[in-house]
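# Coordinates in review
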Amino acid sequence: MDIKQRAIDNLKGQVGSESSEPPVRPKASVLIPLFVKNGELYVLLTLRSEQLRTNAGEVCFPGGKSDPQDTDEIHTALREAEEEIGIPPDQVEVVCRLLDPIVSKGGLLVTAVVGFIDGSFLPRPNPAEVSEVFAVPLNLFVQNKDHSMFGAPGMFLHSFQFLDSDSGRQYRIYGLTAAFAIIVAVLALGKWPEFDIDLGSGSFADRINSRINRTMSKL
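Remember, predicted model here, so these are calculated numbers, not experimental data.

Let us now look at the layout of surface pockets. Its boundaries defined by the atoms lining it, the second largest pocket holds a volume of some 330 Å³. When residues of the lining of the second largest pocket are traced back to their parent elements, those giving at least two are strand 1 (27-37), strand 2 (40-48), strand 8 (130-137) and strand 10 (155-163). Top element by residues in the lining of the second largest pocket is strand 8. It accounts for four residues.

Inspection of the secondary structure puts L31 in strand 1. In the structure, L31 is positioned 63 residues away from V94 in sequence and 9.2 Å away in space, judged by C-alpha atoms. Setting aside chain neighbours within four positions, we find L31 in contact with F61, P62, A77, L78, A81, V92, V113 and G115.

Among the nonpolar cores identified, the biggest contains 46 residues, and I32, F141 and F180 are the most heavily contacted of them. Apart from residues lying up to four places away in sequence, F141 is in contact with V43, L45, V136, F160, I173, A181, I182, A185 and F195. If you look at the next biggest cluster of nonpolar residues, it comprises 14 residues, including Y42, L78, A81 and V92.

As a further point, take the packing of aromatic side chains. In total, this model carries six aromatic pairs according to the counting rule given. With centroids separated by 3.7 Å and ring planes inclined at 5°, the aromatic side chains of F134 and Y171 adopt a geometry described as stacked. Placement of the pair is F134 in strand 8 and Y171 in strand 11 (residues 170-174), with a sequence separation of 37 residues. Judged by its relative accessible area of 3%, F134 is buried. Look at Y171 and you get buried, because its relative accessible area is 4%. Each ring, one from F141 and one from F160, has its centre 5.0 Å from the other, and the planes form 80°; the classification is edge-to-face. Here F141 is found in the loop between strand 8 and strand 9 (147-152), whereas its partner F160 is found in strand 10, with 19 residues between them in sequence. For the residue pair F141 and F160, the accessibility class agrees, reading buried in each case. Three or more aromatic residues link up through ring pairs in this structure, and these residues are F134, F162 and Y171. The side chain of R172 reaches across the aromatic face of F150, ending 4.6 Å from its centre.

The rules we used
- Residues numbered from 1 in each chain as written.
- Predicted model: local features only at pLDDT ≥ 70, side-chain atom pairs only at ≥ 80, totals over all residues.
- Heavy atoms only, no water.
- 1 Å grid on protein atoms, 1.4 Å probe; cavity = no way out; pocket = protein on both sides within 12 Å on 5 of 7 lines; lining within 4 Å.
- Points joined across faces, edges and corners; volume = space filled by probe spheres on them.
- Helix = DSSP H or I, 4+ residues; strand = E, 2+ residues; numbered from the N terminus.
- Contact = heavy atoms within 4.5 Å.
- Core = buried A, V, L, I, M, F, W, Y, C linked by side-chain atoms within 4.5 Å.
- Buried < 20%, exposed > 50% of the residue type's maximum accessible area, 1.4 Å probe, protein only.
- Phe/Tyr/Trp six-rings, centres within 6.5 Å; stacked < 30°, edge-to-face > 60°.
- Lys NZ or Arg CZ within 6 Å of the ring centre and 35° of its normal.

This is the structure:
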């Protein structure tokens with residue numbers, strides 16, 4: 001079995017594909033685009049434009065708020081990914097929704113959608129929203145080498161440093177983006193992280209902790 005099919009089987013077999021969370025908050029979705037390069041799984045990430053009002057200059061997965069015309073969370077993720085990085089929806093092989101939605105620091109109910117894209121895809125970032133697009137080996141998110149944790153009110157957050165050998169740029173990946181990346185890496189790779197995943201206490205931390213712990217218990 002090749003690495004892509006093994007990852008798909010792991011994700012589909014261990015992650016619920018339907019959301020039961022009531023729409024009590026504004027909804028948003030992100031796409032976690034995976035692809036295979038040189039026999040290794042990679043994930044595509046974006047650096048948000050400095051001109052944006054929220055999370056400017058942060059590393060995120062492509063995504064955004066739900067629009068009234070969106071049929072579901074997957075539709076939102078695919079539409080936003082096309083707007084931000086130019087990936088047509090029909091070029092994304094959707095695998096699953098990643099567990100239940102999580103409330104972000106901005107109060108949005110965020111659903112992560114995992115999908116495979118072709119390794120030859122060339123991003124076309126929308127400069128109004130995205131300043132850079134880059135690829136990271138998925139294995140980074142289960143290794144301790146470039147991992148750290150830092151304190152936030154009532155919780156701790158995961159953080160990763162990534163040096164892109166192609167551009168020479170250094171990126172910091174942290175917060176909810178890092179938490180989603182850890183869960184995907186644990187499932188797709190079938191590996192336990194080399195670091196402690198506990199985030200502390202508090203409603204947001206408890207939500208992330210429960211999802212990561214539930215994921216790891218199935219390995």
